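Descriptive structure summary
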Amino acid sequence: MSEHCPICQHPLVIQDERLYCASCQRDFAAKAICPDCDRPLQLLKACGATDYFCPNGDGLISRKRVVFRPLIESL
Ligand SMILES: [Zn+2]
Ligand SMILES: [Zn+2]
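For the structure given in this document, a descriptive report is provided here.

What counts, and at which threshold
- Residues numbered from 1 in each chain as written.
- Chains lettered and ligands numbered in written order.
- Predicted model: local features only at pLDDT ≥ 70, side-chain atom pairs only at ≥ 80, totals over all residues.
- Heavy atoms only, no water.
- Donors = N, O, S within 2.8 Å, 3.2 Å for Na, K, Ca; no water.
- Tetrahedral: all angles 85-135°; square planar, octahedral: opposite > 155°, others 65-115°.
- Helix = DSSP H or I, 4+ residues; strand = E, 2+ residues; numbered from the N terminus.
- Pairing = 2+ DSSP bridges.
- Axes fitted to C-alpha atoms, helices over the stretch in contact; angles between N-to-C directions.

Geometry reference: four tetrahedral donors at a metal, ideal angle 109.5 degrees. Six octahedral donors, ideal angles 90 or 180 degrees. Surrounding the zinc ion (ligand 1) are the protein donor atoms Cys5 (SG), Cys8 (SG), Cys21 (SG) and Cys24 (SG), which sit 2.2 to 2.3 Å from the metal. Coordination at the zinc ion (ligand 1) is tetrahedral: its four donor atoms span angles of 102 to 115° at the metal. Written as a sequence motif, the donor arrangement for the zinc ion (ligand 1) is C-x2-C-x12-C-x2-C. Of the two residues, Cys8 is situated in the segment before β1 (13-15) and Cys21 in strand β2 (residues 18-21); the sequence distance between them amounts to 13 residues.

This is the structure in structure tokens:
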């Protein structure tokens, strides 16, 4: 599953917690979404690692399964 640029619909590349559009050459803050319930995840930061926790009962979500969506700050 890949996300697309909200401006030009180019596929976005995930870089850390950001989504980068090679076409617009800009990046977007990403929001971590639970793959099971489609709700925002809580970020738990500890010792340089980030864990993703679903507050809706799905527990800890492996980073590989986290869905990142572009967070539109200002358009
Ligand atoms: Zn774009
Ligand atoms: Zn969930």
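From this point, things continue past the structure.
Read across the open sheet, the three strands follow the order β4-β5-β6; overall the sheet is antiparallel. Strands at the two margins of the open sheet, each flanked by one partner only, are β4 (42-46) and β6 (59-61). Pairs of neighbouring strands in the sheet enclose a mean axial angle of 40°, with direction left out of account. Pairing between β4 and strand β5 (residues 49-54): five bridges, direction antiparallel. In the sheet register, Leu43 faces β5, and the bridge partner there is Tyr52.

The next subject is the sheet that holds strand β7 (residues 67-70). Pairing between the strands of a sheet comes from backbone hydrogen bonds, and it takes one of two forms, parallel or antiparallel. Across the sheet, four strands lie side by side as β1-β2-β3-β7; this open sheet has antiparallel pairing. Because the sheet does not close on itself, it has two edges, and the strands there are β1 and β7. Strand-to-strand twist of the sheet, defined as the mean angle between neighbouring strand axes without regard to direction, takes the value 40°. With four bridges connecting them, strand β3 (residues 26-33) and β7 associate as antiparallel partners. For Ala32, the partnering residue across the bridge sits in β7 and is Phe68.

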